[in-house]
Amino acid sequence: RYTFPQDIMRDWAMCMMEDREGNLWFGTESSGLHCWKPKSISAYTTREGLAHDSTWTMCEARDGSVWVGTDGGASQVKDGKITNFNAEQGLTRKEVRSVAEDNSGTLWAGTMNGLFSFQTGKFSRHQTPGEWYETKIRVLLPARDGALWTGTVWGLTRLQNGEYTKYSVTNGLAHLEVLALHEDRAGNLWIGTAGGGLQRFGV
């Protein structure tokens, strides 16, 4: 059993990830992003330059940097330096709920109002199908076949070769709000929702 440092003892861990060096990164509900190294924990909060202390998601990019989705935009942590991205860099909705890098090296950000991709230092928004409430993204999963799966509060979407395919309760989804996605070694998509149990989507 491991406990948080004294100054964040009353906080909650919202997400965790292990990087290539064996460090454990975890985002908290209200005290920012923390890096737990084998013998020490380094904290990254707004005091160190993080976009917001409410950190929802993270991923490690191929260049070794850690991308973090917060309530104040996206933050990139690289070599101890934090770079923030918000409306000035094209991220017009600051509440980032999911970040993921696909096989081509493109970084994707899912926000509470749409899907964005990051290239050449700026974010660009992608027009997704459906009403405004269907653009509230909870989770992203780049699949090995090049597709990008998007879980929202109103269903599941697959983006592949520029075309969108939507899935909802009308074609088998157990619950509209998708909270977790995982691709297994066989290429099956596992879906966790806000109700209806765990589902497997064979592709």
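Below you will find a few notes about this structure. Counting starts from 1 at the beginning of each chain's written sequence and moves along it residue by residue. Owing to the predicted nature of the model, reporting of local features is limited to residues with pLDDT of at least 70; listing and counting of side-chain atom pairs is limited to 80 or more, with chain, interface and lining totals taken over all residues. Remark: hydrogens and water are excluded; side-chain values derive from all non-hydrogen atoms of the structure.

A few words on the layout of surface pockets. Two kinds of site are reported from a 1 Å grid over the protein atoms alone, namely cavities, where a 1.4 Å probe fits but cannot get out, and pockets, open sets with protein on both sides within 12 Å along at least five of seven lines, and residues are called lining when an atom falls within 4 Å of a point. Grid points are joined across faces, edges and corners, and a volume is the space filled by probe spheres set on the points. For the largest pocket, the calculated volume is near 460 Å³. Taken together, 19 residues form the lining of the largest pocket, with S98, V99, A100, V139 and L140 sitting closest to its centre. Per the convention used, a helix needs a DSSP run of H or I reaching at least four residues, while a strand needs a run of E reaching at least two, with both numbered from the N terminus. Sorting the residues of the lining of the largest pocket by element identifies β5 (55-60), β9 (96-101), β13 (137-142) and β17 (178-183) as the ones contributing at least two each. The computed volume of the second largest pocket comes to approximately 310 Å³. Classification used: nonpolar for Ala, Val, Leu, Ile, Met, Phe, Trp, Tyr, Cys and Pro, charged for Asp, Glu, Lys and Arg, polar for all others including Gly. Across the lining of the second largest pocket, the residue classes tally to five nonpolar, four polar and eight charged.

Over the atoms, a rolling probe the size of a water molecule traces out where space has been left empty. Applying the stated criterion across every chain, the model contains two cavities of 30 Å³ or more. In this structure, the largest cavity is lined by G114, L115, T128, P129, E134, T135, I137, T150, T152, T157, Y164 and K166. Of all the elements in the fold, those that place two or more residues in the lining of the largest cavity are β11 (114-119), β14 (148-152) and β16 (163-167). A breakdown of the residues in the lining of the largest cavity according to their chemical character gives four nonpolar, six polar and two charged.

This part takes up the sheet that holds strand β18 (residues 189-193). Here three strands make up an open sheet; going across it, the order is β17-β18-β19 and the pairing antiparallel. Edge positions in the sheet fall to β17 and β19 (198-201), since each has one partner strand and no second. Ignoring strand direction, the axes of neighbouring strands in this sheet form an average angle of 25°. Think of it this way: DSSP has to see at least two bridges between two strands before they count as a pair. Sheet topology note: the β18/β19 ladder contains four bridges and is antiparallel. Bridging across to β19, L189 finds its partner in F201. Angles run from 0 to 180 degrees between N-to-C directions of axes, and those axes are lines fitted to C-alpha atoms, restricted for helices to the stretch in contact.

One non-glycine residue with positive phi stands out, namely T120, at about 50°. Relative to the assigned elements, T120 resides in the loop between β11 and β12 (122-126). Throughout this description, buried means an accessible area under 20% of the type-specific maximum (1.4 Å probe, protein chains only), exposed means over 50%, and partly exposed covers the range between. By relative accessible area, which is 84% here, T120 ends up exposed.

With that settled, the discussion passes to the sheet that holds strand β6 (residues 66-70). Two orientations exist for strands paired in a sheet by backbone hydrogen bonds: parallel and antiparallel. One open sheet holds the four strands; their spatial order is β5-β6-β7-β8, and the pairing between them is antiparallel. Two strands lie at the open edges of the sheet, namely β5 and β8 (81-85), each paired on one side alone. Adjacent strand axes in the sheet meet at a mean angle of 20°, parallel and antiparallel pairs treated alike. Both β6 and strand β7 (residues 73-78) contribute to a ladder of five bridges, which runs antiparallel. In the strand pairing of β7, G69 is matched with A74.

Grouped together as the largest cluster of nonpolar side chains are 13 residues, with contacts concentrated most on W67, L91, A109 and F123. Elements with a minimum of two residues in this core: β9, β10 (107-111) and β11. Excluding anything up to four places from it in sequence, L91 contacts G73, A74, F85, N86, V96, A109, T111, F116 and F123. Residues enter a nonpolar core if they are buried and are Ala, Val, Leu, Ile, Met, Phe, Trp, Tyr or Cys, with the set joined through side-chain atoms within 4.5 Å. Note on definitions: a residue-residue contact is assigned when non-hydrogen atoms from the two residues lie within 4.5 Å.

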